[in-house]
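Coordinates in review
Listed here are the chains, written in short residue letters.
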Amino acid sequence: MLTISQLAATAGVTVRAVRHYHHIGLLPEPERDASGYRRYGAQAAVDLIRIRTLADAGVPLSRIDALLHAQPTEFAAAISDIDAELQRKIDQLTENRRRIAGLASGEELVLPAEVVAVLNRMRNFGVSERRVQLERDAWILMQALTPEAVPQRVREKNAGFDDPETRRLYLACDQSVDWNPNDPRLNGLIDDLDAWEIEHERDASRPTYLNLISAQIAETSPAWKRVLETLTHRATQRR
């Protein structure tokens, strides 16, 4: 026979918890023996372990009372239902963890995996996070406004990044954002960009999302404002 302290230790609960279960009628309270102590048998230990396990699983105490008095088949069916509910909660928590982890990068929440791969490719060859974030915003706009254009644009981006000259210009443009607008290096960059535009026939009908990203850069970069104005002027002259 067990004392209340021994019973509580067996089930891994406090004596106070045992007394609470007595108070609400969940665990029968034995009479005191001749020495004035309450003694508990093995069934009390089994019941207390069941109470504690079910309570830890989130089962309401009112339902636990019914389960303790259920027939074996009814008890087994109820345990199966509780297990299924726990699995649903685990699956939901797993999904929440995945989404929480995705918040760190942001783009993974709204962009297809192939677009995220393009952004990561830019990071890998040295493009600054500032420029990557601007590109990300442009992709989000495209995904929302013209989703059917995304696959083709992904192919174009990857084909461009396969070209060393295109990668060089990306890096040069990224670095030039902080240059002085009168920096002589801008003249060479403008000529290189103009030549690239002509070669790739992009001097006309640029997609709106590309205009937007260029405008965003120019808003905070006097150097890029000069680059865009010069390239626009040259493109206009060629038409």
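We now turn to the structure provided with this report. (Residues numbered from 1 in each chain as written. Predicted model: local features only at pLDDT ≥ 70, side-chain atom pairs only at ≥ 80, totals over all residues. Heavy atoms only, no water.)

**As for the overall build of the chain**
For the record, the criterion: A run of DSSP states H or I qualifies as a helix once it reaches four residues; a run of E qualifies as a strand once it reaches two. Both are numbered from the N-terminal end. Here the globule rule reads 2.2 Å times residues to the power 0.38, and the radius of gyration is calculated from C-alpha atoms. Contacts: residue pairs with any heavy atoms within 4.5 Å of one another.
Assigned secondary structure in the chain consists of 13 helices and 0 strands. At 34 Å, the chain has a C-alpha radius of gyration far larger than the 18 Å of a compact globule built from 239 residues. Summarising its shape, the C-alpha atoms of the chain cover approximately 110 × 35 × 25 Å along the three principal directions. Partitioning the contacts of the chain with sequence separation of at least 6, the portion at a separation of at least 24 is 58%.

**Overview of the packing of aromatic side chains**
Which entries qualify depends on this criterion: Note on aromatic contacts: the rings of Phe and Tyr and the six-membered ring of Trp form a pair at centre separations within 6.5 Å, being stacked when their planes are under 30 degrees apart, edge-to-face when over 60 apart, and tilted otherwise. Partly exposed describes any residue whose relative accessible area lies between the buried limit of under 20% and the exposed limit of over 50%, with all areas from a 1.4 Å probe on protein chains only and scaled to the type maximum.
Per the counting criterion, the structure on display carries 2 aromatic pairs. Ring centres of Phe-125 and Phe-161 lie 5.1 Å apart, and the angle between their planes is 65°; this geometry places the pair in the edge-to-face category. In this pair, Phe-125 is assigned in the loop between helix H7 (113-124) and helix H8 (129-145) and Phe-161 in helix H9 (residues 150-161), connecting sequence segments 36 residues apart. Like Phe-125, the residue Phe-161 is buried in the burial classification.

**Here we look at the environment of Ser-221**
Heads up, the condition is: Here a polar contact is recorded for every N or O atom pair within 3.5 Å, except that within protein the pair must consist of a potential hydrogen donor and a potential acceptor, and residues adjacent in sequence are included only if both atoms are side-chain atoms.
Its place among the elements puts Ser-221 in the loop between helix H12 (208-220) and helix H13 (222-238). Those residues in contact with Ser-221 that lie beyond four places of it in its chain are Ser-176 and Val-177. Separated by 2.7 Å, the side chain of Ser-221 and the backbone oxygen of Val-177 make a polar contact.

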